[in-house]
Amino acid sequence: MHRNILRACLNCRCLDSVSDIDSSWPNYDDIYKKTIEVATFLDLPRFPEITEDCYLHPNILCMKYLMEVNLPDEMHSLTCHVVKMTGMGEVDFLTFDPIAKMAKTVKYDVQAVAIIVVVLKLLFLLDDNLEWSLSNLAEKHNEKNKKDKPWFDFRKWYQIMKKAFDEKKQNWEEARAKYLWKSEKPLYYSYVDKPVAYKKREMVVNLQKQFSTLVDSTPTAGKKSPSSFQFNWTGEDTERTCFHGHSLQGVLKEKGQSLLTKNSLYWLSTQKFCRCYCTHVTTYEESNYSLSYQFILNLFSFLLRIKTSLLHEEVSLVEKELFKKKYSVTKKKSKSKKVRRY
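Rules and cut-offs
- Residues numbered from 1 in each chain as written.
- Predicted model: local features only at pLDDT ≥ 70, side-chain atom pairs only at ≥ 80, totals over all residues.
- Heavy atoms only, no water.
- UniProt positions renumbered as here; feature names shortened; annotations may be inferred.
- Helix = DSSP H or I, 4+ residues; strand = E, 2+ residues; numbered from the N terminus.
- Expected span 1.5 Å × (residues − 1).
- Buried < 20%, exposed > 50% of the residue type's maximum accessible area, 1.4 Å probe, protein only.
- Patch = residues over 30% accessible without salt bridge, like charges linked within 9 Å, V, L, I, M, F, W, Y side chains within 5 Å.
- Areas by Shrake-Rupley, 256 points an atom, 1.4 Å probe, with all protein chains shown as cover.
- Salt bridge = Lys/Arg side-chain N within 4 Å of Asp/Glu carboxyl O.
- Axes fitted to C-alpha atoms, helices over the stretch in contact; angles between N-to-C directions.
- Parallel < 35°, antiparallel > 145°, perpendicular 65-115°, else oblique.
- Left-handed = near helix turned anticlockwise from the far one by under 90°.
- Contact = heavy atoms within 4.5 Å.
- Nonpolar A, V, L, I, M, F, W, Y, C, P; charged D, E, K, R; others polar.
- Core = buried A, V, L, I, M, F, W, Y, C linked by side-chain atoms within 4.5 Å.

Identification of the chain as TATA box-binding protein-associated factor RNA polymerase I subunit B isoform X3 from Sapajus apella is taken from an unreviewed UniProt entry. Quoted verbatim from the Sequence similarities (unreviewed entry) field of the UniProt record, the comment on the chain reads "Belongs to the RRN7/TAF1B family."

Quick notes on helix α10 (residues 291-304)
For α10, with 14 residues, the first-to-last C-alpha span of 20 Å sits near the 20 Å given by 1.5 Å per residue. By the criterion of burial, α10 is predominantly enclosed, with twelve of the 14 residues buried. Downstream of α10 by one or two residues, R305 has phi in the positive range, about 60°.

What to know about a nonpolar patch on the surface
Judged by side-chain polarity, V38, F41 and L42 come together as a nonpolar surface patch covering roughly 300 Å² of accessible area. Within the secondary structure layout, L42 lies in the loop between α2 (28-41) and α3 (58-68). We classify L42 as partly exposed; its relative accessible area is 32%.

Re the packing of helix α8 (residues 154-178) against α10
Two elements in contact, α8 and α10, have axes whose closest approach is 11 Å; the angle formed by their N-to-C orientations is 40°. Comparing the axis directions of α8 and α10 gives the class oblique. Note that α8 runs across α10; the crossing there is left-handed. When α8 is examined against α10, the residues F154, W157, Y158, M161, K162, F165, K168, K169 and W172 are found in contact with a partner set consisting of S292, F295, I296, N298, L299 and F302. Here the residues of the contact of α8 with α10 are counted per class, giving ten nonpolar, two polar and three charged.

Quick word on the nonpolar core
The biggest cluster of nonpolar side chains holds 64 residues, and the ones touching the most others in it are W157 and F300. When residues of this core are traced back to their parent elements, those giving at least two are α2, α3, α4 (75-86), α6 (108-124), α8, α10 and α11 (308-322). In terms of residues, this core owes the most to one element, α6, which gives 13 residues. Residue contacts for W157: discarding those within four places in its chain leaves V69, N70, L71, F152, F243, F295, I296 and L299.

Structural notes on unusual backbone geometry
At N70, a position not held by glycine, the phi torsion is positive, near 65°. If you trace the backbone, N70 turns up in the loop between α3 and α4. Residue classification places N70 among the buried positions, given a relative accessible area of 0%. Even without being a glycine, L125 presents a positive backbone phi close to 70°. Taking the relative accessible area as the measure of exposure, L125 reaches 6% and is therefore buried.

Regarding the pattern of salt bridges
Working definition: two side chains of opposite charge can pair if their charged atoms are close together. Counting across every chain of the model gives eight salt bridges. Between K64 and E68 there is a salt bridge, with the nearest N and O atoms lying 3.9 Å from each other. Taken together, the residues K64 and E68, both in helix α3 and four residues apart, mark about one turn of the helix. Each member of the pair, K64 together with E68, is buried. E321 is the salt-bridge partner of K324, the closest N and O atoms lying 3.5 Å from each other. On the basis of relative accessibility, which here comes to 51%, the residue K324 falls in the exposed class.

This is how it looks when you write it as structure tokens:
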């Protein structure tokens, strides 16, 4: 029982809202810290191992979120490659062990989304320049070769996702504003009043149903069953293009038997971590980053209901594992400067 509760806490991603209305709700990081404290206090053993067949594995979660945000299926092989290079798909890295000296939890959904963001930066750089140049090439190719598999057009994807994202966010904000915050169970002062309170509530519900049938012949729809997908992309909708089957040939090039990205550049989300031994990165400021990068972070942050700064921090941690040599060089330079200064 305790394990099921903690497992739900580890995979919880809907409590830290992007809205100011939810400022009183618990913070995403606080939930993870409390999870570690509770698991350590209960002295729980190592949790069941998270293998590639488990839903919490980054390879499976990356596929889920690639489908969610309407990105090509071919990107999944690249996300799997990043997972392998960083070691984030290993069992020891993913499995929660409360007994360990340095007990830690993995933000599974946030980590998977951060890997997708890193792959997008590897392919398109996201500097508000290269992605649009590659889009021009893809647009010209698609106009000339309409029978072939279309190349992925980042500009067209951005336009469609921006419209869908704005509509979804507006509907979500309106629904929250109209939501009636009331208890589903009736309130009563003592157990003696309990049957009377339940009887009154039952009468009120029945009267509401009767009046609703008199006003409108169509019955009111009940609560919708929860779904893990907020966006639905099908090939039948002509206004909302489905990019799942599009090719990445326009951004990849063949070199022998392997494929390389045409983009040879990459900018790190941050090179500044705390001076202490923790891995916390510096504060995220939108004005320091490109509009494309901001949009992608805002999109995924909305899906996960987390703060944008939290996702940016996770992207930085993935990059730190992927570019260990580059980070080590910058760390050595910073140390040498400190020696000279003192």
